Amino acid sequence: MAAPASVANTDGGSISNLVDARTGYCSATKSFRSLRQLVPLPPPDVPLSFPAFAFSLLRSSFPSAPAHPALLDATTGEAVLFPAFLSRVRALAGALRSSIGLRRGDVAFVLAPAGLDMPVLYFALLSIGAVVSPANPALTPAEVSRLVSLSGASIAFAVSSTADKLPARLATVLLNSPHFRSLSMDGGQGEDWLALDMAVVVRQSESAAIQFSSGTTGRVKAVALPHRSFIAMVAGFHTLRAKPQRSDHERTLLCAPMFHSLGFFFVLKGVALGVTTVVVTDAAARTGIRGLVEAAEHWAITDMTASPPVVLRMTKERCRLTALERITCGGAPLSTAAIERFGRRFPHVDLCMAEKLTCSTPLSYGHCPYRNGSIGVGIE
């Protein structure tokens, strides 16, 4: 084992000869420390919503963002450029306050399949300090009713096919209605397409989302996650992007559902990092794994999310996927045999694992290439 090293503490002090330089294990605290350079974060007491932080990254690091889509429908090819996306977010945020009466701290329950409207809704709600609580649209009415009660939602956003599952007393806005379209009508980009209405002061410690546990050890639980957690997660990815990229422009195929913690985070991350998020809608999902592979080829996808069955099935499909650089796999472990088979089939692709406990905030999300099936450093 390598000799221990001196590692700086977050309080400015140091621990000498207690942290192993190879593994990051600290003999004093009997825990592992990250060996990566500390990621600069905004002071925690500065009012800052996640959208405001995300748009600041776009402003400082991605001046070319207006030239490519923020969102792309994998099936139809419908695209939403970054300026139009930001304009729709601003328009919807204003309408949510003035027309619907949403206020900071109100919980919005979202029961809808993936679509181009969902990221706009998420960012608009977060920018006014409302709390986003997305749920699986395939749940039964009884299950939905319980989650609404757990979240304390005062309003719901749904589509025609899911609205009947919501409690009758809950005010509901249909995402596929002319009314919602009018609320998010593009009001013009103006000279500063990244301008954001800062009339609502949102603190980083305030809840951004209420997500639901899987219920594997008991009944489903509701977990409130603050803006600060999402800010910290995206800041880490932004720091990693300082390294040279293999492609000029990244495109992520979002196969994970937008209500799921992985899909929800990738929606936020994609906008903040100036990445084009290629959305797998219900129409694309019905084409099966072959349809996902074809979408990845057609849109020259560089990054994609996938469940273990999708990763395993990809090794049996006829495809080249020359643009693909990375797959983030989550939801369940992959066997060693599957990892090795994937590596032989796609030696140019990094296979990464997203591991997260809803109850412990998104900061438990691990993201690194597999080493012996590990989501950590993986010491051989």
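Residues numbered from 1 in each chain as written. Predicted model: local features only at pLDDT ≥ 70, side-chain atom pairs only at ≥ 80, totals over all residues. Heavy atoms only, no water.

By the naming in an unreviewed UniProt entry, the protein chain is 4-coumarate--CoA ligase, taken from Oryza meyeriana var. granulata.

J.: Just give me the short version of the overall build of the protein chain, but keep the residues and values in it.
T.: Of regular secondary structure, the protein chain possesses eleven helices and 17 strands. Residue burial in the protein chain is summarised as follows: out of 380 residues, 50% are buried. Here the contacts in the protein chain between residues at least 6 apart in sequence split such that 64% fall between residues at least 24 apart. When the accessible area of the protein chain is evaluated, it comes to approximately 17,500 Å², of which 55% is carbon and sulfur surface. (Helix = DSSP H or I, 4+ residues; strand = E, 2+ residues; numbered from the N terminus. Buried < 20%, exposed > 50% of the residue type's maximum accessible area, 1.4 Å probe, protein only. Contact = heavy atoms within 4.5 Å. Areas by Shrake-Rupley, 256 points an atom, 1.4 Å probe, with all protein chains shown as cover.)

J.: Which residues make up the packing of helix H3 (residues 117-127) against helix H7 (residues 261-272), and what values do they have?
T.: When two helices pack together, their arrangement is given by the angle between the helix axes and the distance between those axes. Taken N-terminus to C-terminus, the directions of H3 and H7 make an angle of 80 degrees; their axes are 10 Å apart at the nearest point. By the criterion of interaxial angle, the relationship of H3 to H7 is roughly perpendicular. In this structure, H3 contributes Pro119, Tyr122, Phe123 and Leu126 to the contact, and H7 contributes Phe264, Val267, Leu268 and Val271. Taken together, the residues of the contact of H3 with H7 sort by class into eight nonpolar, no polar and no charged. (Axes fitted to C-alpha atoms, helices over the stretch in contact; angles between N-to-C directions. Parallel < 35°, antiparallel > 145°, perpendicular 65-115°, else oblique. Nonpolar A, V, L, I, M, F, W, Y, C, P; charged D, E, K, R; others polar.)

J.: Please set out the pairing of strand E11 (residues 207-212) residue by residue, giving values where relevant.
T.: Most of E11 sits out of view: five of its six residues are buried. As judged from the five bridges shared by E11 and strand E12 (residues 222-226), these two strands associate in the antiparallel manner. Looking at the pairing, Ile210 lines up with Ala224 of E12. (Pairing = 2+ DSSP bridges.)

J.: Please set out the side chain of Ser151 residue by residue, giving values where relevant.
T.: Among the secondary structure elements, Ser151 is positioned in helix H4 (residues 141-151). By relative accessible area, which is 6% here, Ser151 ends up buried. Of the polar contacts made by the side chain of Ser151, one reaches the backbone oxygen of Val148; its length is 3.0 Å. A polar atom in the side chain of Ser151 sits 3.3 Å from the backbone nitrogen of Ala153. Excluding residues within four positions of it along the chain, Ser151 makes contact with Val107, Phe109, Ser133, Ile210 and Phe212. (Polar contact = N/O pair within 3.5 Å; in protein donor to acceptor, adjacent residues only side chain to side chain.)

J.: For the packing of aromatic side chains, give the residues involved together with the corresponding values.
T.: Throughout the structure, instances matching the rule amount to ten aromatic pairs. Each ring, one from Phe85 and one from Phe123, has its centre 5.6 Å from the other, and the planes form 80 degrees; the classification is edge-to-face. Here the residue Phe85 occupies a position in helix H2 (residues 82-98), and Phe123 occupies one in helix H3, the gap between them amounting to 38 residues. Phe123 carries the same exposure label as Phe85, and that label is buried. For the cation-ring pair, Lys269 lies above Phe237, with the distance from its terminal atom to the ring centre recorded as 4.9 Å. In this arrangement the basic side chain of Lys269 is found over the ring face of Phe266, its NZ or CZ atom lying 4.5 Å from the centre. (Phe/Tyr/Trp six-rings, centres within 6.5 Å; stacked < 30°, edge-to-face > 60°. Lys NZ or Arg CZ within 6 Å of the ring centre and 35° of its normal.)

J.: If you had to explain unusual backbone geometry to someone new, which residues and values would you point to?
T.: Even without glycine at this site, Ala300 takes up a positive phi of about 50 degrees. You can see Ala300 is positioned in the loop between helix H9 (288-298) and strand E15 (303-306). With phi around 50 degrees, Leu321 is a residue other than glycine that occupies positive phi space. Turning to its location among the elements, Leu321 is positioned in the loop between helix H10 (308-314) and strand E16 (326-330). The class for Leu321 is buried, based on a relative accessible area of 5%.

J.: Lay out helix H6 (residues 227-240) in plain terms, naming residues and giving numbers.
T.: Here H6 contains 14 residues, and its C-alpha end-to-end distance of 20 Å stays within 8% of the 20 Å for a straight helix at 1.5 Å per residue. Most of H6 sits inside the fold, with ten of its 14 residues counted as buried. Turning to H6, its buried residues number three or more, namely His227, Ser229, Phe230, Ile231, Ala232, Met233, Val234, Ala235, Gly236 and Phe237. (Expected span 1.5 Å × (residues − 1).)

J.: Can you tell me about the pattern of salt bridges, naming the residues and giving the values?
T.: Scanning the entire structure with this criterion turns up seven salt bridges. The closest approach of N and O atoms between Arg290 and Glu294, which form a salt bridge, is 3.3 Å. Highlighted residues: Arg290 and Glu294, both in helix H9, separated by four residues, approximately one helical turn. Its relative accessible area of 27% is what places Arg290 among the partly exposed residues. (Salt bridge = Lys/Arg side-chain N within 4 Å of Asp/Glu carboxyl O.)

J.: Break down the nonpolar core for me, citing the residues and quoting the values.
T.: By size, the foremost hydrophobic cluster in this structure holds 69 residues, and its most contacted members are Phe50, Phe85, Phe123, Leu125, Phe157 and Phe230. Sort the elements by how many residues they give to this core and H2 lands first, with nine residues. Among all residues touching Phe85, those that are not within four sequence positions of it are Ala70, Leu71, Val80, Pro119, Val120, Phe123 and Val271. Counting 31 residues, the second-largest nonpolar core is a separate cluster that includes Leu253, Met304, Cys319 and Leu351. (Core = buried A, V, L, I, M, F, W, Y, C linked by side-chain atoms within 4.5 Å.)

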